[in-house]
Every structure is written in C-alpha cells, then in structure tokens.
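Here's the letter readout for the chains.
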Amino acid sequence: MGEFKVHRVRFFEYMPTAIRAMSFNAHTERLALARVDGSVEVFNFADRYFQEKVIPGKDAHSIEALCWVGGRLFSAGLHGEITEYDLENLRPKYSLEAYGGPIWTIISNPQGTHVAIGCEDGTVKLFEVLAEGVQFERNLDRQKGRIISLSWHPSGTRIAAGMMDMIRVFDVLTGHAIQRLLVDRSVGGCKSRETVVWTVVFLSDHTIFSSDSAGKVQVWDGHTGTLVKTHQLTKWDVLALSVSKDESSVVAGTSEGTVVQFQFIAPNLQQQEKEWVRTRTFKNHTHDVRALVEIGTAIVSGGMDTQLVVRPLLEKFEEKCFASGLRRIHFPHRNLVSCAQKARLLLLQFPGQLELWRLGESDGHGKPGDILPLKTKPEKLLYLKRKGKDHICCSALSSCGGWLAYSTVSSVRLYRLQTDNNISITKVPKLPKVLRSAHQLCFSSESSYLFAASSQSSVLVISLNQSECKYVHTLKPKSGSRQPIHLMTTSVDGKWLATANSDCEVHVYNLQKLELHCMVPMYSSCPSAMGIHPTTNNLTMVHADQQIFEFSIAEKQYTVWSRKLQMQGLHNLWLNRDTPVTHVTFNPKNPDQILLHDMYMFCIIDQSLPLPDQKTQFYNQMTLRSLSEQERPSHLHAFKVCKSFQDLMCMRLLDDQSLVVVERPLMAINSQLPAPVRQKKFAT
Amino acid sequence: MVEHTGIRVVHRGGSKINFREPVITSDSRFLLCGSGESVKVYSTSTEECVHDLQGHTDLVTGVVLNPSNHLQAYSCSADGTVRLWDFTDGILIKTFIIRYHIFSIHVSEKHVGVLFVVVPMANEKGSELFQLVAVHLPRSGDPEVEVGELSAVLCDVSPNPGAVSFGTGGEYIAAAKGLQLEVFFFKKQKSYRFSLKSGMNKGINNSFTCISCHPKEDCIATGHADGKIRLWRNFNQKKEYTYSTLHWHHNAVNTLRFTPEGTNLLSGGIESVLVQWRYTQENQKDFLPRLGAAITHIAVSPDGSLFCTSHADNKITIILSSVKVSAIIQGLVKDDCVRTDLMIDPRSKALVLNGKPGHLQFYSLHRDKQLYNLDIVQQEYIHEQGVDQFQVVKAAFDTHGDWLATVEERRQKSSELEINLKLWSYDEQTQSFVLNTTVTAPHEDQITAMCFSPSPETTLLVTTSLDGHFKAWLLADHSDTEESASWSCDFVGGYHLLKPGCCCFSADGSLLAFGFQEVVTVWSPTSWELLTTLSQPPGAVRDLCFGRLSCSKYLLGTSTKNQLCCWNLLTCSLEWNTPMDVSLLQADPFSENMAAFCSQSGSTDLFVFKPSEPRPLFSKKALCTGKVERAIFAPRDQMLESSEEYSQWLNRSQLYFLTQHMDLMTFSTKTEEDRLLASSKQLMVDDSVAITPFYLLLGRHKQQQQEKQELLTNPLAERTPLPQGSIAIKELLDTPAHVLPSASFLCSMFVRSLLVSSSSRSKLEDNVCTP
C-alpha cells in the first residue's frame, strides 16, 4: 500500500490467564467464563460470540465454579465465599461466607430454586435462592474428605457428589447418602495417590458419568450403584465433563488438550436399546481442558492455553454458515491500548498495572515494505501499579498526553502527566464523589472533559483544568436501559459524544447543550466499534455481526453511503470473518477513508470507490499489484484489506499520518505458557 | 486365442497365494486360497497342500465358503465363471458361467442362492469402473449352468475385495472407494454415502483402503491410507452419523477384520505387525510383531479359533487366537525384481532364485512348495527404506550340484562397489550347501556373467566383469595339507579392452565363448588359447548359447540390434541369421531345442526352434505383456508321451518364465491337463485324519495291503461288524434299564459278542505283522 509509515509495536506483553470454569445459560444463550485471575467474562452466543461483559477480578479471589440461576450468575471459590454478580454494574453484588472451608463447586438445581456447594470439609450445603440473595438452608450428610464435584439429577431429588476415591449419591429430601460408588486408583501410577473425581454428571435415566485424575471416564448405574463401563482416555487427568441438553452426547476434556465425545447410540440400528459409545476426539488445545460446555450445536472448551474454542458439530448444520466454522477467541473484544495521537504515547492496560510508552522515531525514507532505521528507540516512561485489590477495568489517556485515568470496580483515579523533559505524574486529589467507578473512560479531544460511563448507561461529565476537576452533569438516556456502556467516543470538534451499551443502543449526546441529541435506530447486533468522523461528524458503527452503518448526527439519519451499502449488502467474505472489528478511525488527510481493524487484518474503506458485489474478488491487493496503472482503477473497490499484520491488539493513526500497530503474536503467548503434560509422539 | 490349440500358458507352481484373502473352513482344519488358476486346500495343522482344485482357466480372484453348506466353497475367476467345490474331496460340483471378468466375490448367510460379484461397469477388460452385482443362482442339476440374471447393487465400487463388506446378518452392505463410504440397506433399498475431506493440503491421505463390518452390532470399521482406523456408527442417517478414530499404524492400513463374535478387531499393514484391538476398549491392544513382511490380508476362522494373515512375500501365517504363530505356508518369494537368473538345482530339481533379502530360495515346482532358504549374505537385514544392503545378484550351479557360486554386491551412494564371490560346496551330511571360499572383490566392477564348466574332469568357474576381464577360478586341491580344497584364480583374460557381457560353455566343456560387445570370442578352457573370433555387427552381443546334442556344432548369439545369429563352429562362418529382438535365449539342457523370447510392441512372443533348422517348432504370439527377462527349462518328473509335433518339445522338460509382473508362468499341453484332471478325481481320503504326505505314503499303502490280503484269503468274506456295532450291544445299551432282563441272562450273550471269530483273527494278526 505504501501510504503510511507504520510503527510496528511488539512490546505489549499482554498475557491472558487460563480459563478455569464455564457455565452456559441456554435460555439467554450467554456463556459465562471464569479465568484464573478471578475475572468473569460473558459471551453472547446469539451474537457471534461477542464478548459483552467483563467483570474484572480481584486479588486472592479465585473462582472454582460458576453457575447460572435464571439470569443471575453465581460463583464460588477456594476463598470460601459464594458471590453473586451484578451484571448491570459489572461488579460482584455480594459475597456470602459459607463456613465450610474452600468451596470446590457450585451448582443450581434444574428448577432454579436452590444452589448446592461442595466444601473442603466434606459437606454439601444447600442454599435457597431468594430475590435479594441466597440463604443457607441445610447441610446434607457430612462426608469424610472434600467434595470436588456435584451434579443434580434433573428431577431435583438426587445429588451425585464426586469426592476423593469415591462418588456419593444423596437424597436431597432426607439429606442422607444412599449410594457409595468406589472409583479405582490409577492402574499404572502410584497406588497410594488418591483418585480425584473431577466431575460427575447425573443423567435423567440415573446414569452417572464421572471423570477422574486417573484418566478414566466411568459410566455408572445410579439405581444400583454399579459400574457399567470404564473408558481409559488418557494417562493424565480428565478434568471436565459436559452433557448435551437432550442427553445424547457427553464430552470429556483431558489434560492432553483433547476433547472426547461419547454418544448414546443404538448398537443395532433396528433396536431401540442404546448404549454409550466413545466416538470422536477433538484436539484443539495444547494444554489442559479445564472447562467444557456442550451447547447443542457446538462444543465450547477452554483451559490452560487461555483460548476459548467453539468447535461446531457439523452434523447439526444443514449448510455452511458462520456458526459452522471453528472459532478461537484469543483476545478480548475491547481495547486495552489507548493512544495519545499528539504526544505519541501509548498506554497499555494490564489487570495489575498500567504502562506508558513513548513511540520510537525515525526520519528515514524508503520504498514501500522497507524497514526504516530508528532514530530513538521506544521508551517505557511509566509503570503505574494499581492500588487496592481490585483489578483495573478500564483506562484512558488524553490525546495531548497530559491526563491519565483508570478505574477499578471500587474507585477511579486521575493523574496529571508531564512527559516533555522530565517525567512527572501527580494524582489529582479530591475527585467528585459521584465518580466512584466507571465502565469506560474517555477524554474529550482537547482534554477539557473526562467522560465516565456509570451505572444505568449514564455518563458523568467532569470538567478538567489545571487546578481542579469538577463534576458538571450526568447524561442519561431516555430508554431507561440498565445495561452498562461498553463503547464511548467523542467528536474532534468536541460537540458530540456517542455511547453504546450492551442492549445494542447507541446514544448521541450534544456536549454543548449537555443533553441527549438522538438515539440511533436499534440494530439487533451489538456494536463492537464506533467512531465520529472529524469533518462530517458522521458516526460510523461496526457491529458484532460485521455490519457497517454510517449515521449522520446532524441529519439524524443514515447517510446515503450507508443506505447504499445496506441495499447492496456486504461481501460474504467480509461477513464471515472470524473476529469483530475493535476500532474505527478516520484519515484526516483523506476524508473518504475509514480505517478499521480486527485481530487478523486491517482495512481501509474508501467511500469514494464503488462497493464490491458478491462476484468481485474481495481480497484483490495481489491482483491490483500485478495490473498496469491504466487497468487498475477499473478493478478497485471500497475495501482495501491488509493482512500483513497479524494478532492485532490495536491500530491507531497518529497526527503525523503514521500508523501505530500493536501486535501480540500468539506464538509469544504460547511460549509463556507452562509446559504441557508430556505425551509420547510417534517417531520422537 | 492359441495358434497351436492344446498348449496354454498357465500359472502352475510358484503362483501367488497372497493375491486374495484366504478362507479358513468352519472346522478350522483347512485353509483355502486361490493360487494362480487353482484353489489350494492346505491343512492348517501341517501346512501341507491337501488338494489342488483345478478347473479355472484364468486367475482365481476370490474364494468364499458356501453359506448354506459349510463343506462347499465358491471360487470366482477372471475367466468369467464361478465354481462350486467340495473341498474335502476336491470335487468340482458346479460351474456357473457369468461371462464377465470377475474381480471378487461376496456372500452372505441371509441371501440364500445369491452371490455378489464385482465386475467391470462396461464389459471391457480395460474399464476402470466396477460395479457390484447380485447373481441369482439358477436351480438346475446340470454341472454347467449359464447365469442370466444379474442385478446391479452398487455402482462404482473398488475392485479390491477388502473394500466391500456385509453388515450384521446381511442387512446392509458397505463399500468404500476413494474418499467415500457407501452403505446400502437391502430392506429399504436405500443407500447412504459418507465422504471424508481429502486433507491432501494438510499432507494427510484420508482415502479408504479397507472395510469390515461388526458381526453383531451396527458398526463399520474402515482403514485409511494414513494409518487411521475409523469406527462408524449411526450410519442410517444422513447427518447424525458419527465415528471414532483409532490410530496405531504409521502407514496405510491394508486390511481389517472383526473376529466372529465381534470382540476384537484385527488390523495389519506394512509394519508387519498384527494388531488386535479390543472392541469398545480400544486403548487395550495386543500386538504380534515381526511377521516378516507387510500384511496384505487377514482371515478369521468362523469359530474364531484361528487367524491367518497373508503377507507381501507370498506367505500365509496361521495364528492361534492367543496371538501365537502356529504355522507358516510359504509360497515362492517374489520381490519386485529377481536379480539372479532362474536356475534349477541339479540335485533337488528345485527352482533357485532370490528369495528373502540376502537369501537364495530353493523351490520345488512339482510339489509347489518352498524347500529351504540359503542365507548367502549372512548379515542382519535392516527393514528400512533407503539403506543400501548386500544383495545376491548372481548364482550358478555346476552340473552335478556339488558347487554353488554366488555373487553379492552392495553399491552405496558415492562410494565404491563392494562385491563378494562366494563358493559353496554341497555337504552330504547336512544335505545343504556349506561356504567353502569367499573372494572379496573378485573383479573391479560388476560381474556380468558367471558359469561353471560342464566338463566332468575339472571344476572350473568363469566370471566376466565390466572391468574388461574374465577370470577363471579353479578348485585347488590341497590334499597334502590339513586344509580342505579351496578356490583360487587360475587365469585372467581379456580381449582388446572390450567389456565382456556374457559367457557360455559348450555342452562337453571343450569350448568357451565370450561376448565382448560386438565380438564373440571362442576359447579353449584347457589351454586358454583364443581359438577364433566371430563377429556380426551391428549391436553388442546379449546372449550366447551353444547348441546341444546333435546341434552341438552351432553357436547362437543374440545382439542388441535385433539380430539372432547362428554360427557353425566347424566352418567358423555364419549359418543363418534373422532380424529379431530377442530379449532372452534359453537352451533346453535335455534336447536340441532353444527358446527365444522376442519382445515386440509391448508384448512378448516365444519361438522354439532347433539351431539346425531355422523353422520354429512352436511359436506363440503375445505370450504376455512386457519383456520376459528370466526363463528356465525345468525337467519333468514324468515324461509326457505326446506325439503331436508342436508339443513334443514339452515332453522332457517344461519351460517356466517370469513375466514383468513377476508371475511365474508355464506351458501346459492337453495330455498333461487330462492327466491332472484324472488324478484329482481319484483321491478319496478319510475325513477323520489330517492328510499329510506321511499318511498318504503309509495309509494308502496299508489300505492296499489290506485289500490285497482280503482278496487273497477270502474274496467273499464279509467284514465282521465291529463289536460296538453288533446288535447285542446296541440292545444292551439302548434299551431302558427297567425293561432289560437280568444281568446274568445278558452276560453270556454280551461276552460272546465280544469274541473274535477265528478267521477274522488271523487276518488282524497279519495286519499287525506287516510293517
């Protein structure tokens, strides 16, 4: 392309943490995912696996299990508390000490009236789910040894509990243990080592599946307490099990990174009698599969290698579509990097700290594709450790580089920065009381205002100047949505502010009048990125389903180009891309150009060029290069896609027309993972 | 088809027994396998060939047991017939004429009276597409029945019989080809197709190689070219089918078989390891390694007590169900190329050629059995590709079979050629060859020809090499010392630095001819004097042969430029020559006849002639496709009394040749076939005894003796019934106890019945006395 000078940044050492637990809510099609650092993420499976919400973690607050009760999300961990999350304010609502030592598992009954937890001290505790919280009801018979896993029979009258070396079946009404199933220790390994029953699954026909640390998946008859079948899957642990909703398939995740499927199949096609047969093996992970969910059309797995894999079951799809492709989610669907375009600074956000870097400089010139020599190297200016136990949930850097703000669930901190000659940072004292926490932070373009997304989709406007900062106003939407804002952007002229929330609503506020200007017509998919054009003040939105809209703020309607785009439809190759667009910017030199990027590509949309239809070659850069100057214009279309940068975390256009591209190669992430379990590979 | 009717080219002896899957009979006593144009019945316990079921006129392409009578078997052949045999007695019961080239045969217990055969789609030999058709056998008493009714079941199937299998109780049939598996349900008359992704771009070859259906459950096991085994279930649905994958083989799975109860799955491939998978406990497997060569087929006996595996080196291994090898039936080992000539061991009359790597095999053509292997290289053979190892390239016997000379060579990349000449003497005590002399580097370059002098006075060996020399080796007799006799070089000769290509002794050993490129030189081996040179350019001499018996004054030579020349050695002039591209010239050691194989436009013609008259005695056009490089005249054990002129040349010896595809073929005359047919019907053996040569030798002898005795002593005497069969004892044993008279009453009658009458006793004694 050769239009931009590119800063290729690889010093962002972002390291996602391992996935620990998952829970799928089939009713709302939301997947809740807990990571080892205690953060919880909610993915909307109806909207292309878009990461809707992120609840930051907390030090010493690890999560062992998650469970949905209706639309409410509960977690429990080794700290011994049950936590319910406030999904509207993206924070824990309350934590309740269970008084049973570390909690290994939490599970709700199918009716949604109770949750049961398994504790280190050998008790299974039942809690009643009330409107305002959970209340302890009673203990089941206390056992010797910890309760590792629980599974509720679909009728709600029985609970199977996986323990050390055994499985117990409890009658919920009486609280007595009625079955005791002994699990063998590993055959080859050390006999003295106890077998941990990592997961149990109780099916409606009283079949119990168990997976254990000896590498077995065992099928038991829950009526008689007898072993039906043993499947030795691996030499290592089988850590996760999940059953499909119709109970025709069970999947098991092993430490070798494989997922093994068991299906309930009639051995003779004419007969009705069925049995469980081991069928397919999927290998999409390099490390332990710690969490696994079978969602009917796909198997969702996650583990030590930090990626979330959605492996579709192809027999459930009639034809090829977006959902029938294998998906891997590596990076969060939001920005962890903020950039000061004028001051050439990058702010990198980690859960525990912030890093401020100054970009390197080069005055060299070269042909397109050349690597220019650096005059000054990139420089780490600042390492800012967060205060308190809570992890950072969002951060912002003003474009002049003079202000820095970050927020945790409990507090917001604002800093004054000086980066000219001697670097200094001063915390701004006495922030307004209303500013307790923020879901998103954003500075206005000339750094005179700080906008903080607060509860119920409202935005706090704080005015900044050298001496003090002052609360100005709260912008509230008229819709009354209670969902959090996940995107916020201001116009360059300082007149407009656009916000998007998890209800897919996009609001535009007039900052001069401090009132709601308009609401963009609702679209079913959540916006994943948006930006306001510096000259025309058109709002460009890209949604999770890859649709692009351009909305004229002044005229309060979609622009002509946007209508044309919707009329003609986007190219299939564009629509079937893997990851959502995470950022939109504009080229101030060429007002026709919109710059977007996702994880695998960045794209320049040139509005002056014709739109591609389904027959045109979409990725045409190679063809264009081979054509002569005269032929080239006839082959041009609006989407110019560049894939030379991979694993993109961020892409920004600086004021001097150079691009900053922040890459985080997946290889680098993999190399920092702990070593996987040893496996014998053929011919090694 | 034949110019001279009555002489056919047949597979007889040394044919492939691993071409198709063998069959074990339901009592596990016999093993049936197609071998060339016949079906061989082997005893599973003694490895001995019990019957040779002959009748087909082309390659047998499949053998199956008759599902409605376990004492009968069907065989199909490329000649377009299916034959029903009684294999215990070796009798042909019926012939069904189908008139298509049949590639394989399948039967199922559920489909009584129906055979499933694979035939080409269009009735052409070269057709690439095959279909599976159902053959409804007509009910008719005639021994030869024409079958009219064929109905297609599956189109586009693989001709490989391992790629078609019947499912549980014959409800469905599964066939695999390329990347597609097709299952046809007979009841619903509906087929389901499942295809795999090619995976070629990832370097995986997913294509199906073999298939086997579980006998009790609806599960299909398929083997794949990348070494995986897939177990398919739920295949009566278009979408919801599922499979699990097993992987042990690192190369293509050649064959798969479920045991009759379905508890185990057996698989084999190039690894030469039989793998036994436990059904539904697939991570428990048993291995039977070191089976010698790649496994091509697996068969299981109907009661599951025996397995047998066919191997790429023409071997069938019989394995007990406890995964132990119990017997090995070894056919003629044919590698992809035979480096040595075909030879006849003068002592055992066995065919000698390359066998296992580094070995010479001795194969009895009359008994169609490998006699033994002689380890020539005497080094461990490493089963790995790309390793250069010693190979036996030349071998020669002297006239009496006392000496054997072998040449082995190894050419490593970018290094010198290593050659060893070994001389072996026959040891009467051990009945085998013992190494006498090893000559390392006998020549500086490859040895092109080697022969022993046929003269009875001297033991002389001549070798010629590409280094431009020929060497004569003599057995030096160290009778004065303790050492035994050993060989040493006696003479080194050459001719104008030309490279000798072939050598030949005259029948009495008085003349020795060398072909030095275009020049034929004739030497006297006693004085090493160059007697004369003969040359008939253009073209280098390829083969030289002295005439025999009445034609011993002639020397025949073939050249690379399509010349067959005949020189008269008395006048040293050319007697006659003809333009012919003779690829091989072979002299019959028992007559004046010569056989010349001429390659012409992709196929080979044969001419048999006498050197004295240039008119051929016998000619056959288009013998086989490709060049014939190796042939041999083997002596007959029984002379033929054929009077027809065209077949007289086959009276004393039999001509065997190896085709390009390494099939050992021979010629058979009408009289010979009649004799074989007559002999096969006579043989009637008692079922209860396993047939061994020992039994045939002694058992028949005993029977004949007995009959003779009977005839002599009392021709009309009836055989006394055995005591168990007498009426008195039957009455005693069969009548209920409460209706029997008292024991004292019965006793005398019982004892009397056990007594042997005087006449029959003498007979019994006689029998005992005869040795």
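All residue numbers refer to position in the chain's written sequence, counted from 1. Whichever chain is written first becomes A and whichever ligand is written first becomes 1, with later ones labelled in order. Local features in this predicted model are restricted to residues of pLDDT 70 or higher, and side-chain atom pairs are both shown and tallied only at a pLDDT of 80 or more, whereas totals for entire chains, interfaces and linings draw on every residue. Heavy atoms throughout the structure, all of them, feed into the side-chain values; hydrogens and water do not.

### Observations regarding the overall build of chain B
Right, so step 1: Helix and strand counts for chain B stand at five helices and 57 strands.
Right, so step 2: Burial classification: accessible surface area is computed with a 1.4 Å probe over protein chains only, and a residue below 20% of its type maximum counts as buried, one above 50% as exposed, and the rest as partly exposed. The buried share of chain B, taken over its 771 residues, is 51%.
Right, so step 3: Residue contacts follow a heavy-atom distance rule, with two residues in contact if any of their heavy atoms lie within 4.5 Å. Excluding contacts between residues fewer than 6 apart, the proportion of contacts in chain B whose partners are at least 24 apart in sequence is 44%.
Right, so step 4: Computed with the Shrake-Rupley method and a 1.4 Å probe, the accessible areas treat only the protein chains shown as cover for residues. About 36,000 Å² of surface is accessible on chain B, with carbon and sulfur atoms providing 52% of the total. Helix numbers and strand numbers start at the N terminus; a helix is a DSSP run of H or I with at least 4 residues, a strand a run of E with at least 2.

### Some details on the side chain of B:Gln654
All names here are of chain B.
Right, so step 1: Within the secondary structure layout, Gln654 lies in strand β56 (residues 653-658).
Right, so step 2: For Gln654, a relative accessible area of 5% puts it in the buried group.
Right, so step 3: Within the local environment of Gln654, its side chain forms a polar contact with the side chain of Tyr656, the two groups lying 3.5 Å apart.
Right, so step 4: Dropping the residues within four chain positions of it, Gln654 is found in contact with Ile632, Phe633, Ala634, Arg636, Thr666, Phe667 and Glu672. Polar contact is defined as a pair of N or O atoms within 3.5 Å, subject to the rule that within protein one atom must be able to donate a hydrogen and the other to accept it, and that residues adjacent in sequence are counted only when both atoms are side-chain atoms.

### Let's talk about a nonpolar patch on the surface
All names here are of chain B.
Right, so step 1: Where nonpolar side chains cluster on the molecular surface, the patch consists of Phe750, Val751, Leu754 and Leu755 and spans about 360 Å² of accessible area.
Right, so step 2: Inspection of the secondary structure assignment puts Leu754 in helix α4 (residues 743-754).
Right, so step 3: Judged by relative accessible area, Leu754 falls into the partly exposed class, the value being 43%. A patch is a set of surface residues, each over 30% in relative accessible area and not in a salt bridge, joined within 9 Å for like charges and within 5 Å for the nonpolar side chains Val, Leu, Ile, Met, Phe, Trp and Tyr. Should a side-chain nitrogen of Lys or Arg be within 4 Å of a carboxyl oxygen of Asp or Glu, the pair is scored as a salt bridge.

### Considerations on the interface of chain B and chain A
Often, the extent of an interface is quoted as the loss of accessible area upon association of its parts.
Right, so step 1: Each partner contributes to the interface: chain B provides 20 residues, whereas chain A provides 22 residues.
Right, so step 2: Carbon and sulfur atoms supply 46% of the area that chain B and chain A bury against each other, a total of about 1,800 Å² over both sides.
Right, so step 3: Across the chain B-chain A interface, the total number found is zero salt bridges.
Right, so step 4: Inspection of the chain B/chain A interface yields seven residue pairs in polar contact (both at pLDDT 80 or more).
Right, so step 5: Listed by contribution, the elements that provide at least two residues to the side of chain B that touches chain A are β22 (242-247) and β26 (281-288) of chain B.
Right, so step 6: A per-element tally of the side of chain B that touches chain A places β22(B) first, with four residues. Note: buried area is the sum, over both parts, of the accessible area (probe 1.4 Å) each one loses when the two are combined.

### Remarks on the side chain of A:Ser525
Residues and elements named next belong to chain A.
Right, so step 1: For Ser525, the location among the structural elements is in the loop between β45 (515-520) and β46 (527-532).
Right, so step 2: Only 3.4 Å separates the side chain of Ser525 from the backbone nitrogen of Ala544, close enough to count as a polar contact.
Right, so step 3: The residues contacting Ser525, other than those within four sequence positions of it, are Asp47, Cys504, His543, Ala544 and Asp545.

### Considerations on the sheet that holds strand β21 (residues 226-232) of chain A
Two pairing modes exist for strands in a sheet, parallel and antiparallel, and in both the strands are linked by backbone hydrogen bonds.
Residue and element names in this part refer to chain A.
Right, so step 1: Reading across from one edge, β18-β19-β20-β21 is the order of the four strands in this open sheet, with antiparallel pairing throughout. On the outer flanks of this sheet lie β18 (197-202) and β21, each paired with one strand and no other. Across the sheet, the mean angle from the axis of one strand to that of its neighbour is 20°, orientation sign disregarded.
Right, so step 2: Across five bridges, the pairing between strand β19 (residues 207-212) and strand β20 (residues 216-221) is antiparallel. Paired with Ser210 across the bridge in β20 is Gln218. Between any two strands, pairing holds if DSSP finds at least two bridges. Comment: axis = line fitted to C-alpha atoms, over the contacting stretch for helices; angle = value between 0 and 180 degrees taken between N-to-C directions.

### Some words on the environment of A:Glu550
All names here are of chain A.
Right, so step 1: Locating Glu550 in the fold gives a position in strand β48 (residues 548-552).
Right, so step 2: In sequence terms Glu550 and Gly531 are 19 residues apart; their C-alpha atoms lie 9.6 Å from each other.
Right, so step 3: Ignoring sequence-local partners within four residues, the contact set of Glu550 consists of Asn538, Leu539, Thr540, Tyr558, Thr559, Trp561, Ser562 and Gln607.
Right, so step 4: At 2.7 Å, the side chain of Glu550 forms a polar contact with the side chain of Thr559.

### Observations concerning the environment of A:Ala452
All names here are of chain A.
Right, so step 1: With respect to the helices and strands, the residue Ala452 is situated in strand β39 (residues 449-453).
Right, so step 2: You can call Ala452 buried: its relative accessible area is 0%.
Right, so step 3: Not counting the four nearest positions on each side in its chain, Ala452 is found in contact with Leu435, Ala438, Gln440, Leu441, Ser458, Val459, Leu460 and Met488.

### Observations concerning the packing of aromatic side chains
Right, so step 1: By convention, a stacked pair of Phe, Tyr or Trp rings (six-membered ring in the case of Trp) has centres within 6.5 Å and planes under 30 degrees apart, an edge-to-face pair has planes over 60 apart, and any other such pair is tilted. Evaluation of the coordinates by the stated rule reveals 59 aromatic pairs over all chains.
Right, so step 2: Consider the rings of A:Phe12 and A:Tyr14, whose centres lie 5.9 Å apart with planes at 40°: the pair is tilted.
Right, so step 3: Among the aromatic residues, those joined into a cluster by ring pairs are B:Phe470, B:Phe491, B:Tyr495, B:Phe514, B:Phe516, B:Trp523 and B:Trp528.
Right, so step 4: Charge-over-ring contacts are defined here by two conditions on Lys NZ or Arg CZ: a distance within 6 Å of the ring centre and an angle within 35 degrees of the ring normal. The aromatic ring of B:Phe19 is capped on one face by B:Arg20, whose charged end is 4.5 Å from the ring centroid.
Right, so step 5: Just above the ring of B:Phe185 sits the side chain of B:Lys188; from NZ or CZ to the centre is 5.0 Å.

### Section: the UniProt feature "repeat: WD" (unreviewed entry) in chain B
Residue and element names in this part refer to chain B.
Right, so step 1: Under the feature "repeat: WD" (unreviewed entry), the UniProt entry names residues 53-95, 246-277 and 440-473.
Right, so step 2: Between the C-alpha atoms that bound residues 53-95 there is a distance of 13 Å. The span itself is 0% helix and 58% strand.
Right, so step 3: Helix and strand shares over residues 246-277 are 0% and 56% respectively, and the end C-alpha atoms of the span are 9 Å apart. UniProt positions are given in the numbering used here, feature names are shortened, and annotations may be inferred rather than shown by experiment.

### Notes on the sheet that holds strand β40 (residues 459-464) of chain A
All names here are of chain A.
Right, so step 1: Strand order in the open sheet made by the four strands is β38-β39-β40-β41, with antiparallel pairing throughout. Strands at the two margins of the open sheet, each flanked by one partner only, are β38 (441-443) and β41 (469-475). Taking the axes of each pair of neighbouring strands and ignoring which way they run, one obtains an average angle of 20° across the sheet.
Right, so step 2: In the sheet, β39 pairs with β40 via five bridges, with the strands oriented antiparallel. What sits directly across from Phe451, in β40, is Val461.

### Examining the domain arrangement of chain B
Right, so step 1: Each assigned domain of chain B is listed here: domain 1 (18-158), domain 2 (160-330), domain 3 (336-379 + 388-442) and domain 4 (536-672).
Right, so step 2: Here the bounds of each domain stem from an automatic or database domain assignment. Taking the mean C-alpha position of each, domain 2 of chain B and domain 3 of chain B sit 39 Å from one another.

### Here's the deal with the domain arrangement of chain A
Right, so step 1: The domains assigned to chain A are domain 1 (243-329) and domain 2 (337-672).
Right, so step 2: Taking only C-alpha atoms, the centre of domain 1 of chain A and the centre of domain 2 of chain A are 37 Å apart.

### Re unusual backbone geometry
Residue and element names in this part refer to chain B.
Right, so step 1: Residue Val323 is not a glycine yet carries a positive backbone phi of 55°.
Right, so step 2: Mapped onto the fold, Val323 is located in the loop between β29 (315-320) and β30 (324-330).
Right, so step 3: Although it is not a glycine, Ala622 adopts a positive phi angle of roughly 50°.
Right, so step 4: Within the secondary structure, Ala622 sits in strand β54 (residues 613-625).
Right, so step 5: Taking relative accessible area as the criterion, Ala622 reaches 51% and is therefore assigned exposed.

### So, the environment of A:Lys389
All names here are of chain A.
Right, so step 1: Along the chain, the position of Lys389 falls in the loop between β33 (379-385) and β34 (394-397).
Right, so step 2: In the structure, Lys389 is positioned 55 residues away from Ser444 in sequence and 29 Å away in space, judged by C-alpha atoms.
Right, so step 3: Not counting the four nearest positions on each side in its chain, Lys389 is found in contact with Lys58 and Asp59.

### Some remarks on the nonpolar core
Residues and elements named next belong to chain A.
Right, so step 1: As used here, the term nonpolar core means buried Ala, Val, Leu, Ile, Met, Phe, Trp, Tyr and Cys residues forming a set that is joined through side-chain atoms within 4.5 Å. If you look at the biggest cluster of nonpolar residues, it comprises 22 residues, and the most contacted ones within it are Ile548, Trp574, Val584, Leu596, Ile605 and Phe639.
Right, so step 2: Mapped by element, the contributors of at least two residues to this core are α1 (560-568), α2 (572-575), β50 (583-586), β51 (593-597), β52 (602-606) and β53 (639-642).
Right, so step 3: With residues near it in sequence (within four places) discarded, Ile548 still touches Thr540, Met541, Val542, Trp561, Leu565, Gln566, Leu570, Trp574, Leu596, Ile605 and Phe639.
Right, so step 4: Ranked by size, the runner-up nonpolar core spans 21 residues in total, among them Tyr14, Trp357, Leu654 and Val660.

### Describing the pattern of salt bridges
Right, so step 1: This structure, assessed with the given rule, holds 35 salt bridges over all chains.
Right, so step 2: Via salt bridges that share partners, A:Arg8, A:Arg10 and A:Glu663 belong to a single interconnected network.

### A look at the pairing of strand β28 (residues 306-311) of chain B
Residue and element names in this part refer to chain B.
Right, so step 1: Most of β28 is tucked away: six of the six residues are buried.
Right, so step 2: Sheet topology places strand β27 (residues 295-300) next to β28; five bridges connect them, and they run antiparallel. Following the sheet pairing, His297 is matched in β28 by Ser310.
Right, so step 3: Linkage of β27 to β28, two consecutive antiparallel strands, is achieved through a turn of five residues, within which Gly304 is found at a positive phi near 80°.
Right, so step 4: Pairing geometry for β28 and β29, over six bridges, is antiparallel. Along β29, the bridge assignment pairs Leu306 with Leu320.

### So, the state of the cysteines
All names here are of chain B.
Right, so step 1: Pairs of cysteine sulfur atoms within 2.5 Å are identified as disulfides in what follows. Counted according to the given criterion, the structure contains zero disulfides over all chains.
Right, so step 2: Cys551 takes part in no disulfide bond, and the closest cysteine sulfur to it belongs to Cys566, at a distance of 8.3 Å.
Right, so step 3: The exposure class assigned to Cys551 is buried, which follows from its relative accessible area of 0%.

### Concerning the confidence of the model for chain B
Residue and element names in this part refer to chain B.
Right, so step 1: pLDDT measures the predictor's confidence residue by residue and takes values from 0 up to 100. Of all residues in chain B, 87% have pLDDT values of 70 or greater, and the mean over the chain is 82.
Right, so step 2: In this model, residues 764-771 is a region of pLDDT below 50 whose contacts with residues beyond four sequence positions or in other chains number three contacts.
Right, so step 3: For this predicted complex, the interface score ipTM comes out at 0.80, alongside a pTM of 0.79.

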